[in-house]
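# Geometric and topological summary
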Amino acid sequence: MDQQGILVLDFGGQYTRLIARRVRQQKVYSKVLPSSVDLETIKKEAPDGIILSGGPSSISDPKAPRIDKDIFALGIPVLGIGYGMQLMSSLLGGTVVRADKKEYGVATVQFNGNHAPFAAMPEYSECLMSHADLVDKLPEGFKVYGKTNACPIAAIGNPDKKLYGIQFHPEVSLSKDGTTLLSSFLFDVCKLKPTWEMTGYAEEAIEQIRKTVGDGTVLLGLSGGVDSAVAAALIEKAIGNRLHCVYVDHGFMRKGETEMVKDVFTRYFPVTLKCVDASERFFTALKNVSDPEQKRKIIGAEFVNVFKDAALSFGKLDYFAQGTIYSDVIESGAVEGSNIIKSHHNVGGLPKELGFTGLVEPLRNLFKDEVRELGRVLGLPNHMVDRQPFPGPGLAIRCLGALTFERISIVRESDAILREEVKKAGLSSSISQYFTVLTNIQSVGVMDDERTYFYAVAIRAVTTDDFMTAQWTSLPHELLATVSSRIVNEVPGVNRVLYDITGKPPASIEWE
Ligand code: XMP
């Protein structure tokens, strides 16, 4: 490794990247490698500690992943988690058996350790257990440091050799004191210091991009979102204006968004930028279309065409870059090292046709909050880095029914008012996503003694961790009152404001 830190060996567990992230959260560098790496590579990496991840395999399966047992004789501290613990036990002479009953869920682990890392744990701690196999007999030199009712050997260690194993998952937040255990492993056992910063990650990523791209050129689509912006900033630092960016304004962007992208990527990160104002073309293609799926399909297809034309105007470019982040990798089912391109509507089917040499995805290992931090480290403005999620089809799917310049303008202006007031109230960072929707309801109202028959605008605000489920956010009444009054007074064509109080499920976050 280029610096002090932890090597995480991946046995296919669903939480492996989360382990690496928890280590980074303790300001310690971490790197994930597949469990198939050979001993020589591990020796060369010379990590200060090794974590063996969990995984779905059973030791009893001859095809289950294994490692060279000499890894335990390198004098490097090892922490095995779940399958990692079972593998360590089995390779060192212990036995692993099938449990009578698969255990999945939170259980109380009773710790009895006076040795790090277990000494750091309270006597009783809630931990997430997830296993079908159990360590049945310990390898020589090991002792039991923790147990649950169902699992008598839940934490083990050989402090002389600095080898430890746990049957639970300290990396998930369901394990209440998991971070305590991990940090004791890092600082007390591996003797690491909490000195790693995102700046280190940025430098390494920039170096890696230079190595991959050489003196070649790169194409990247800027969407105005956080991920593509951070990827662009990083690549610009690596190769300057050999980075070519296309930004397509389909006419459904939020207020000030296009100007922000142009400003940042001409002044602060001067890439070779092509901004295409394609709104006329999109509005024409969507004329009289009000079905949500139709809208999405048309926008997706038009987008690819406009993007392709813009990309071709640069001539042949060598690499295609994407702001794919770790959650995209999980969602697309892509495994580490494979070259599957995220099936995002913006770029579907594009790279093959343009004949790129390769793909650059510098954010692939990062979680969303790490991407934001990286953006800040690189010097992107806060309003860009803290931006809430925004769907690819933009305001078009927040404007129910047919799309016209006037109707999109109602969504854009009302959304800007909501954003402004939420910011003034100091609530921006506590709400996951908030926006307005132009409904297709018209209702009777009265303004300046005149009867009106105008649209109703709805306010949507949700709180969520993963956007798969969400709760509606209870906004303060004063804020709702101000927003409502400003919208009906400042946005022509609106005489009523509604508040969406539905969770997901049964509603989705967007209205279309
Ligand atoms: P739903 O409406 O499915 O939204 O509950 C979940 C999250 O996904 C965002 N979203 C999209 N993002 N392209 C995107 O990049 C899309 O087509 C799209 N549709 C919905 C939505 O804003 C929310 O954060």
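Above: the structure in question.
A separate point is helix α4 (residues 178-189). For α4, built from twelve residues, the straight-helix expectation of 16 Å at 1.5 Å per residue is met to within 8% by its first-to-last C-alpha distance of 15 Å. Where the residues of α4 are buried, they touch β1 (5-10), α1 (16-25), β3 (49-52), β4 (78-81), β5 (95-111) and β9 (163-166). Within two residues after α4, lysine 191 carries a phi angle of roughly 60°, on the positive side.

Take the sheet that holds β3 next. Working definition: the strands of a sheet are paired by backbone hydrogen bonds and lie parallel or antiparallel to each other. Across the sheet, which stays open at both edges, the nine strands sit in the order β2-β1-β3-β4-β9-β8-β7-β5-β6 with mixed pairing between neighbours. Where the open sheet ends on each side, the last strands, each with one partner, are β2 (29-34) and β6 (124-137). Neighbouring strand axes in the sheet, compared pairwise and without regard to direction, differ in orientation by 20° on average. Here β4 pairs with β9 via four bridges, running parallel. Following the sheet pairing, isoleucine 81 is matched in β9 by isoleucine 166.

Before going further, it helps to spend a moment on the sheet that holds strand β10 (residues 218-222). Pairing is parallel across the open sheet formed by five strands, whose spatial order is β12-β11-β10-β13-β14. In this open sheet, the two edge strands, each paired with only one partner strand, are β12 (272-277) and β14 (358-360). When strand polarity is set aside, the average angle formed by the axes of neighbouring strands in this sheet is 25°. Here six bridges tie strand β11 (residues 243-249) to β12, and the two strands are oriented parallel to one another. Pairing of cysteine 245 across the sheet is with leucine 273, part of β12. Sheet strands in contact with helix α9 (residues 292-312) are β10, β11, β12 and β13 (319-321), and its direction is about 145° off that of β11.

Turning our attention to the nonpolar core. Core analysis: the biggest nonpolar cluster contains 46 residues, and Leu219, Val248, Phe252, Phe282 and Leu403 have the highest contact counts within it. Sorting the residues of this core by element identifies β11, α8 (279-285), α9, α14 (405-424), β15 (433-447), β16 (450-463) and α15 (477-490) as the ones contributing at least two each. Ranked by residues supplied to this core, first place goes to α9 with seven residues. Mapping this core onto the domain boundaries places at least three of its residues in each of domain 2 (198-385) and domain 3 (398-499).

What follows covers the site of the ligand. Residues in contact with the ligand amount to twelve residues; listed here are only the nearest, Arg296, Gln433, Lys504, Ile509 and Glu510. Within the contact set of the ligand, a nitrogen atom lies 3.1 Å away from a backbone nitrogen or oxygen of glycine 392. Protein chains bury 72% of the 500 Å² of accessible surface belonging to the ligand in isolation. Residues of the shell around the ligand, tallied by class, amount to five nonpolar, four polar and three charged.

Right, let's talk about the state of the cysteines for a bit. Enumeration according to the criterion identifies zero disulfides in this entry. With no disulfide of its own, cysteine 127 has cysteine 151 as its nearest cysteine by sulfur position, at a separation of 11 Å. Since its relative accessible area comes to 1%, cysteine 127 is described here as buried. Cysteine cysteine 275 remains unbridged, with the sulfur of cysteine 245 as its closest cysteine sulfur at 9.3 Å.

For the bond running from alanine 116 to proline 117, omega is 0°, close enough to zero to count as cis. Inspection of the secondary structure assignment puts proline 117 in the loop between β5 and β6. Going from lysine 504 to proline 505, the amide bond is cis rather than trans, its omega being -15°. Locating proline 505 in the fold gives a position in the segment after β18 (494-499).

In this section: the pairing of β16. Looking down a regular strand, the side chains alternate between one sheet face and the other. As defined by bridge partners, β15 adjoins β16 across twelve bridges and the pair is classed as antiparallel. Note that in β16 the partner of valine 437 across the bridge is alanine 458. Adjacent in sequence and paired antiparallel, β15 and β16 are bridged by two residues, among which aspartate 448 carries a positive phi angle near 50°. Of the strand pairs in this sheet, β16 and β18 are connected by five bridges, and their pairing is parallel. Opposite valine 457, over in β18, you have valine 497 as the bridge partner. Pairing of β16 with strand β17 (residues 471-472), which is carried by two bridges, proceeds in the antiparallel orientation. Bridging across to β17, valine 462 finds its partner in tryptophan 472.

Reading the values: rules and limits
- Residues numbered from 1 in each chain as written.
- Predicted model: local features only at pLDDT ≥ 70, side-chain atom pairs only at ≥ 80, totals over all residues.
- Heavy atoms only, no water.
- Helix = DSSP H or I, 4+ residues; strand = E, 2+ residues; numbered from the N terminus.
- Expected span 1.5 Å × (residues − 1).
- Contact = heavy atoms within 4.5 Å.
- Pairing = 2+ DSSP bridges.
- Axes fitted to C-alpha atoms, helices over the stretch in contact; angles between N-to-C directions.
- Core = buried A, V, L, I, M, F, W, Y, C linked by side-chain atoms within 4.5 Å.
- Buried < 20%, exposed > 50% of the residue type's maximum accessible area, 1.4 Å probe, protein only.
- Domains from an automatic or database assignment.
- Near = heavy atom within 4 Å.
- Polar contact = N/O pair within 3.5 Å; in protein donor to acceptor, adjacent residues only side chain to side chain.
- Areas by Shrake-Rupley, 256 points an atom, 1.4 Å probe, with all protein chains shown as cover.
- Nonpolar A, V, L, I, M, F, W, Y, C, P; charged D, E, K, R; others polar.
- Disulfide = S-S within 2.5 Å.

Distances and angles like these do not, on their own, reveal function.
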